[in-house]
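Residue-level structure breakdown
For reference, the chains in residue letters:
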Amino acid sequence: MAFPQSVIDDAWFRANGKCECTRRCPDHDGVRCNKVLDPKNQTPGMQWHAHHIVSQDAGGPDTLNNCQILCIECHKNTESYGG
């Protein structure tokens, strides 16, 4: 399953329209990315995904506590990106 829209909306509000990633990505090594994102998710370079912190394959639920708003670049750096 995917996140319900209400969870995505709540996660977006919590993220304040910015990437929530704190992973060891090349550009922000352990510090929150904070990239400003497009609320309509249409502007190239400002697009984002709602990411399962614990993957669905590992039993992660579709809840707000398991949802992160990530820019596409940060999402690509997660272990579970793309399957």
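All of the points below concern the structure found in this document. (Residues numbered from 1 in each chain as written. Predicted model: local features only at pLDDT ≥ 70, side-chain atom pairs only at ≥ 80, totals over all residues. Heavy atoms only, no water.)

1. Observations regarding the pairing of strand β2 (residues 67–71)
To be explicit about the condition: For the exposure calls, accessible area comes from a 1.4 Å probe over protein chains only, and a residue counts as buried if that area is under 20% of its type's maximum, exposed if over 50%, partly exposed in between. Elements are defined by DSSP. Helices are runs of H or I of four residues or more, strands are runs of E of two residues or more, and each kind is numbered from the N terminus. Paired strands are those between which DSSP finds at least two bridges.
The element β2 is extensively covered by neighbouring structure, given that 5 of its 5 residues are classed as buried. Neither face of β2 is left uncovered, since the one carrying Cys67, Ile69 and Cys71 and the one carrying Gln68 and Leu70 both have all their residues buried. Here 5 bridges tie strand β1 (residues 48–52) to β2, and the two strands are oriented antiparallel to one another. Within β2, the position partnered with Trp48 by the bridge is Cys71.

2. Let's talk about the environment of Lys18
Filter applied, for reference: By definition in these notes, contact holds between two residues if any of their heavy atoms fall within 4.5 Å.
Checked against the element boundaries, Lys18 lands in the loop between α1 (5–15) and β1. Taking the relative accessible area as the measure of exposure, Lys18 reaches 29% and is therefore partly exposed. Through-space distance from the C-alpha of Lys18 to that of Arg32 is 9.4 Å; in sequence the pair is 14 residues apart. The contact partners of Lys18, leaving out residues within four places of it in the chain, are Arg32, Asn34, Lys35, Val36, Leu37 and Ile69.

3. Here's the deal with α1
Test applied: Taking the helix axis as origin, the arc is that swept by the directions to the C-beta atoms.
Of all the positions in α1, only Val7, Ile8, Ala11, Trp12 and Ala15 are classed as buried. Projected down its long axis, α1 carries its buried residues within an arc of 135°, all on one side. Close packing links the buried residues of α1 with β1 and β2. Positive phi appears at Asn16, one or two residues downstream of α1, with a value of about 60°.

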